[in-house]
2 protein chains.
Amino acid sequence: MRLAAKTKNISIVLYKPKYPGNVGSVARAAKNMGISKIVVVGENSLDREEMERRSTHLAADVLDSIRYCDAIEEALSAFQYIVGATARLGKARGPFVSPRAEALKIAGLSQNNQIALLFGPEDTGLANDQLRLCHSVVTIPTSREFSSLNLSQAAMILCYEIFTASPEGGVALQAAQKLALASELEGMYGQIRELLTTIGFLNPQNPERWMLDVRHFFSRARLLSREVKMIRGICRKLEWHALHKKT
Amino acid sequence: MRLAAKTKNISIVLYKPKYPGNVGSVARAAKNMGISKIVVVGENSLDREEMERRSTHLAADVLDSIRYCDAIEEALSAFQYIVGATARLGKARGPFVSPRAEALKIAGLSQNNQIALLFGPEDTGLANDQLRLCHSVVTIPTSREFSSLNLSQAAMILCYEIFTASPEGGVALQAAQKLALASELEGMYGQIRELLTTIGFLNPQNPERWMLDVRHFFSRARLLSREVKMIRGICRKLEWHALHKKT
């Protein structure tokens, strides 16, 4: 069975874009692929005329409906599945997925979940601070000699892969399930961090180092809402025991 | 077996491009995908600075080696296989091929043949006069509601498909990570079950009911060996705390 991605459930989230022209190009690229929701984070003074010069008036409606947010947590809170795009590889940043493999996942998940495609600023891309909020990280394959895609070119490829993706077999199974919201996951991670600190497992100087590992495997699992509740229930019990221990 | 496209045998031919900025964007998109030969037909006064603003200086070498031709026949004479790109459908213009199907053909043909990817002017695209010189015509799939790709966006998609129609482009990202053995996982589940029983989270009459949920999300994560070790370390700490609690 072939499943078309529900592009109405897919949004592009641009974190601190520097050039309004690029936002316009992204709008045009996305609209061609049936994606028309854009969120801009940490930048609310983008020149409208500059944007529209590159979106063309045909995609001006996408610009009109841009949602502006100050904080990235706020921007992402209502999404169930967040995909970061990065060109920089690094041990703590992965595991990396190809756009095609990711598009297949998204085609399934987008049936019942809100999906965010997160892109960083043109010059630096996403930093680890933003990547740790992602459930998956996509790297667009490029030539070994030259790897310097423009923001809208990267968005073009990801949107195109999603638009043309049709999952087979196993992937479709995940379609019907409702994943936990980013806000639910962050609540859970906060609780886990507290617990692991209480029992002395995390170094209080640098708790995020281990928490990144924890985030990685939970991201891969793509937790359901009820699973998050179960894990938080377990954490509560454990915390109670840890706090009432013999001294 | 799949065959890597020989991108050195592939050229982009731009027929009467109007905007130098677009030529610059095409150069950048192409170079990322290992394609660095561009031919410009019927237009030899493109502003170099405008082009380079969009190619960035990193792809300036592609601009330096642009070949300029007056006539399209001259531009295409040294190619064995010519692929036209068009957004306009029409009986006399097809048959139309998808970028992915075409990329597979090109991967094979480019081993021993010079390939041209032909694009028309931004406003009108290729006319039937140019299309009849093509051996194949590609149409990029777009949303039914909106179909208006920019020249460099169309080139981006075609180059990307060609680049990834090969093991080099597509596969390598998912490096061979070492997953945990079944025996390691079972050890971990045993320890988790014990811990959850100790803290009274599992019903001792039927512990497997909740454990199934635990197994489910860990299975989906496909844990690495070192992650299993980390989880077991956390469990040990938690168990110690639970057993030493005040009574």
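Residues numbered from 1 in each chain as written. Chains lettered and ligands numbered in written order. Predicted model: local features only at pLDDT ≥ 70, side-chain atom pairs only at ≥ 80, totals over all residues.

Caption draft 1: Spatial organisation of the overall build of chain A. In terms of helices and strands, chain A carries 11 helices and seven strands. Each of the 247 residues in chain A was classed as buried or not, and the buried ones make up 48%. The contacts of chain A with a sequence gap of at least 6 include a subset with a gap of at least 24, amounting to 86%. (Helix = DSSP H or I, 4+ residues; strand = E, 2+ residues; numbered from the N terminus. Buried ≥ 20, exposed ≤ 12 C-beta atoms within 10 Å, placed from the backbone. Contact = placed C-beta atoms within 7 Å.)

Caption draft 2: Geometry of the interface of chain B and chain A. The interface is formed by 47 residues belonging to chain B together with 47 residues belonging to chain A. Listed by contribution, the elements that provide at least two residues to the side of chain B that touches chain A are helix 1 (20–32), helix 7 (151–164), helix 8 (167–170), helix 10 (208–221) and helix 11 (225–243) of chain B. In terms of residues, the side of chain B that touches chain A owes the most to one element, helix 11 of chain B, which gives seven residues. For the side of chain B that touches chain A, the per-class residue count stands at 22 nonpolar, 16 polar and nine charged. (Nonpolar A, V, L, I, M, F, W, Y, C, P; charged D, E, K, R; others polar.)

Caption draft 3: Molecular detail of the sheet that holds strand 5 (residues 96–97) of chain A. Residue and element names in this part refer to chain A. An order of 3-2-1-6-4-7-5 is seen for the seven strands of this open sheet, with the pairing classed as parallel. Because the sheet does not close on itself, it has two edges, and the strands there are strand 3 (67–69) and strand 5. Bridge count between strand 4 (residues 81–85) and strand 7 (residues 136–138): three bridges; the pairing is parallel. What sits directly across from G84, in strand 7, is V137. Running over the sheet, helix 5 (residues 99–109) touches strand 4, strand 5, strand 6 (115–119) and strand 7 and is turned about 135 degrees from strand 7. On top of the sheet, helix 7 (residues 151–164) reaches strand 1 (10–15), strand 4, strand 6 and strand 7; it is set at about 155 degrees to strand 6, its chief contact. (Pairing = 2+ DSSP bridges. Axes fitted to C-alpha atoms, helices over the stretch in contact; angles between N-to-C directions.)

Caption draft 4: Examining helix 1 (residues 20–32) of chain A more closely. All names here are of chain A. The end-to-end C-alpha separation of helix 1 is 19 Å, in line with the 18 Å expected for 13 residues at 1.5 Å each. In terms of burial, helix 1 is a largely internal element, 13 of the 13 residues being buried. Directly after helix 1, the chain includes G34, whose backbone phi takes a positive value near 80 degrees. (Expected span 1.5 Å × (residues − 1).)

Caption draft 5: Highlighting the packing of helix 5 of chain A against helix 7 of chain A. All names here are of chain A. Packing of helix 5 against helix 7 leaves a shortest axis separation of 8 Å and a crossing angle of 50 degrees. Taken together, the axes of helix 5 and helix 7 are oblique relative to one another. Crossing hand, helix 5 versus helix 7: right-handed. Across the interface between the two elements, P99, R100, A103, I106 and A107 from helix 5 touch I157, L158, E161 and I162 from helix 7. Each residue belonging to the contact of helix 5 with helix 7 can be placed in one class, and the counts come to seven nonpolar, no polar and two charged. (Parallel < 35°, antiparallel > 145°, perpendicular 65-115°, else oblique. Left-handed = near helix turned anticlockwise from the far one by under 90°.)

Caption draft 6: Helix 9 (residues 182–198) of chain B, seen in detail. Its 17 residues place the ends of helix 9 of chain B 24 Å apart at the C-alpha level, agreeing with the 24 Å of an ideal helix rising 1.5 Å per residue. Looking only at helix 9 of chain B, the buried set comprises M188, I192, L195 and L196 of chain B. Angular distribution of buried residues about the axis of helix 9 of chain B spans 95 degrees; they occupy a single face of the element. Exposed positions of helix 9 of chain B whose direction lies more than 90 degrees from the buried face are A182, S183 and E186 of chain B. Contact partners of the buried residues in helix 9 of chain B: helix 11 (225–243) of chain A together with helix 10 and helix 11 of chain B. After helix 9 of chain B finishes, the residue G200 of chain B shows a positive phi value of roughly 75 degrees. (Arc of directions from axis to C-beta.)

Caption draft 7: Region of interest: the sheet that holds strand 6 (residues 115–119) of chain B. All names here are of chain B. With respect to topology, seven strands assemble into an open sheet ordered 3-2-1-6-4-7-5, the strand pairing being parallel. Strands at the two margins of the open sheet, each flanked by one partner only, are strand 3 (67–69) and strand 5 (96–97). Across five bridges, strand 1 (residues 10–15) lies against strand 6 in parallel orientation. For V13, the partnering residue across the bridge sits in strand 6 and is L118. Contacting strand 4 (81–85), strand 5, strand 6 and strand 7 (136–138), helix 5 (residues 99–109) crosses the sheet at an angle of about 140 degrees to strand 7. Against the sheet, helix 7 touches strand 1, strand 4, strand 6 and strand 7, its axis set at about 155 degrees to strand 6.

Caption draft 8: Structural detail: the pairing of strand 1 of chain A. Residue and element names in this part refer to chain A. Of all six residues in strand 1, six are buried; the element is thus mostly enclosed. Here strand 1 pairs with strand 2 (residues 37–41) via five bridges, running parallel. For L14, the partnering residue across the bridge sits in strand 2 and is V40. Between the parallel pair strand 1 and strand 2, the chain is carried across by helix 1, and the sense of this crossover is right-handed. (Right-handed = clockwise from strand over helix to strand, strands pointing away.)

Caption draft 9: Region of interest: the domain arrangement of chain A. All names here are of chain A. Domain boundaries assigned for chain A yield domain 1 (7–176) and domain 2 (182–243). Using C-alpha coordinates to define each centre, domain 1 is positioned 27 Å away from domain 2. With 10 residues of domain 1 at the interface, the matching set in domain 2 holds seven residues. Put simply, the parts of the chain that give the side of domain 1 that touches domain 2 at least two residues each are helix 4 (72–76) and strand 4. Partitioning the side of domain 1 that touches domain 2 into residue classes produces five nonpolar, three polar and two charged. (Domains from an automatic or database assignment.)

Caption draft 10: Structural detail: the confidence of the model for chain A. For chain A, per-residue confidence averages 88 on the pLDDT scale, and 89% of positions sit at 70 or higher. Reported confidence for the predicted complex is 0.75 by ipTM and 0.79 by pTM. (pLDDT = per-residue confidence, 0-100.)

Caption draft 11: Layout of the environment of A182 of chain B. All names here are of chain B. Tracing the backbone through its elements, the reader meets A182 in helix 9. Classification of A182 as exposed rests on a count of 8 C-beta atoms within 10 Å. For the pair formed by A182 and T124, sequence separation is 58 residues and the distance between their alpha carbons is 60 Å.

Caption draft 12: Representation of the packing of helix 10 (residues 207–221) of chain A against helix 10 of chain B. With their axes 6 Å apart at the nearest point, helix 10 of chain A and helix 10 of chain B run at an angle of 100 degrees to one another. Here helix 10 of chain B runs roughly perpendicular to helix 10 of chain A, going by the angle between their axes. Contact with helix 10 of chain A, carried on its side by F217, R220 and A221 of chain A, involves F217, F218, R220 and A221 of chain B of helix 10 of chain B and no other residues of that element. Class assignment of the residues belonging to the contact of helix 10 of chain A with helix 10 of chain B gives a composition of five nonpolar, no polar and two charged.

Caption draft 13: Summary view of the pairing of strand 4 of chain B. Residue and element names in this part refer to chain B. The buried count for strand 4 comes to four of five residues, which makes it a mostly enclosed element. Alignment of strand 4 against strand 6, held across four bridges, turns out to be parallel. Looking at the pairing, G84 lines up with L118 of strand 6.

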